[in-house]
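Take a look at the letters that make up each chain.
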There are 2 protein chains.
Amino acid sequence: MPNSDYRSKKVISIGTVSELTGLSERQIRYYETRKLIFPERSKTGIRKYSFLDIERLIEIANHLEEGVWTQEIRKELKRREQLNMQEVSSSLL
Amino acid sequence: MPNSDYRSKKVISIGTVSELTGLSERQIRYYETRKLIFPERSKTGIRKYSFLDIERLIEIANHLEEGVWTQEIRKELKRREQLNMQEVSSSLL
DNA sequence: CGTGTAAGGAATTCTGACACG
DNA sequence: CGTGTAAGGAATTCTGACACG
């Protein structure tokens, strides 16, 4: 029953994401060009985000406030994902 | 930690709900006038739905296909909510 | 580098109504 | 009763660019 996929289902448009995160649409779009966030697109090109994306955006905003560059944030997020991959594969053993 | 509120957070607009449920926007709006579903509104009047609303819409659609009237569906949904209320209050004792 | 803004166009959503039945 | 549709307007989103620094 794929039911708790709600967290990662991309269904929220950018205006709502802006409200939920407190970030401007400009910022949210920019972080995409910096490869920090990966929304889906509707057939007509409208960006769709998940709750997970929103959590991630809030983290990104926190890092930026501390003066961390998007480039560094990207590296850290990548590192973290690799750790998650390891956990998953080891839990499968 | 209000984290699993994702299911009931109203953030999805009607076009996406239509895709996810297979219902037409016309149908979704109509069920609102029949008091079967209660979206929130953005300041500018745009309807916002939750994943829970989507689950509910699918149920409604199933009932309608079976020939049940919206009036009956409304009664049943109300009954069910009252049962839930009872569970909640008794679990608090 | 990260973000604001004005610009013009395309896609989305809204309401009230006519239609069928 | 439940749903489709055309109508006109309002709100949303998109991209590329200029600006500051």
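Residues numbered from 1 in each chain as written. Chains lettered and ligands numbered in written order. Predicted model: local features only at pLDDT ≥ 70, side-chain atom pairs only at ≥ 80, totals over all residues. Heavy atoms only, no water.

Enquirer: Let's hear about the protein's contact with DNA strand D: which residues, and what values?
Expert: Around DNA strand D sit 19 residues, and of these Arg47 of chain A together with Ser24, Tyr30, Arg34 and Thr70 of chain B come closest. The sugar-phosphate backbone supplies 74% of the atoms of DNA strand D found within 4 Å of the protein. Arginine 34 of chain B places a side-chain nitrogen or oxygen 2.7 Å from a phosphate oxygen of DNA strand D. For the surface near DNA strand D, the leading source of residues is helix H2 (residues 25–33) of chain B, giving four residues. A breakdown of the residues in the surface near DNA strand D according to their chemical character gives five nonpolar, seven polar and seven charged. (Near = heavy atom within 4 Å. Polar contact = N/O pair within 3.5 Å; in protein donor to acceptor, adjacent residues only side chain to side chain. Helix = DSSP H or I, 4+ residues; strand = E, 2+ residues; numbered from the N terminus. Nonpolar A, V, L, I, M, F, W, Y, C, P; charged D, E, K, R; others polar.)

Enquirer: Tell me about the packing of aromatic side chains, residues and numbers included.
Expert: Tallied over the full model, the rule gives five aromatic pairs over all chains. Ring pairs connect the aromatic residues Tyr6 and Phe51 of chain A together with Tyr6 and Phe51 of chain B, which therefore count as one cluster. (Phe/Tyr/Trp six-rings, centres within 6.5 Å; stacked < 30°, edge-to-face > 60°.)

Enquirer: Tell me about the relation of the copies chain A and chain B, residues and numbers included.
Expert: Least-squares fitting of chain A to chain B yields an RMSD of 0.1 Å, with the transformation described by 0.0 Å of translation along the axis and a rotation of 180°. What we have between these two chains is a two-fold relation. Of the C-alpha atoms belonging to chain A, the one lying closest to the rotation axis is found on isoleucine 12 of chain A, 2.8 Å away. (Least-squares fit on C-alpha atoms with pLDDT ≥ 70 in both.)

Enquirer: Break down the UniProt feature "domain: HTH merR-type" (unreviewed entry) in chain A for me, citing the residues and quoting the values.
Expert: Per the UniProt record, the feature "domain: HTH merR-type" (unreviewed entry) sits at residues 11–79 of chain A. Taken as a whole, residues 11–79 of chain A contains 61% helix and 6% strand, while its terminal C-alpha atoms sit 27 Å from one another. (UniProt positions renumbered as here; feature names shortened; annotations may be inferred.)

Enquirer: Which residues make up the nonpolar core, and what values go with them?
Expert: Ranked by size, the top nonpolar core spans 36 residues in total, and within it Leu57 of chain A together with Leu57 of chain B carry the most contacts. Every element with two or more residues in this core is listed here: helix H1 (14–21), helix H2 (25–33), helix H3 (51–65) and helix H4 (70–91) of chain A together with helix H1 (14–21), H2, helix H3 (51–65) and helix H4 (70–91) of chain B. Apart from the residues lying within four places of it in its own chain, the contact partners of leucine 57 of chain A are Val17, Thr21, Leu23, Ile28, Tyr31 and Ile37 of chain A. (Core = buried A, V, L, I, M, F, W, Y, C linked by side-chain atoms within 4.5 Å. Buried < 20%, exposed > 50% of the residue type's maximum accessible area, 1.4 Å probe, protein only. Contact = heavy atoms within 4.5 Å.)

Enquirer: Explain the interface of chain A and chain B residue by residue, including any values.
Expert: Chain A puts 14 residues into the contact, and the matching count from chain B is 14 residues. Of the roughly 1200 Å² buried where chain A meets chain B, counting both sides, 66% is carbon and sulfur surface. Looking at the side of chain A facing chain B, the largest losses of area belong to Tyr6, Val11 and Phe51 of chain A, adding up to 51% of the total buried there. Our count for the chain A to chain B interface comes out at four residue pairs in polar contact (both at pLDDT 80 or more). Of all the elements in the fold, those that place two or more residues in the side of chain A that touches chain B are H1 and H3 of chain A. The element best represented in the side of chain A that touches chain B is H1 of chain A, accounting for three residues. Classifying every residue of the side of chain A that touches chain B by side-chain character gives five nonpolar, three polar and six charged. (Buried area = accessible area lost by both parts, 1.4 Å probe.)

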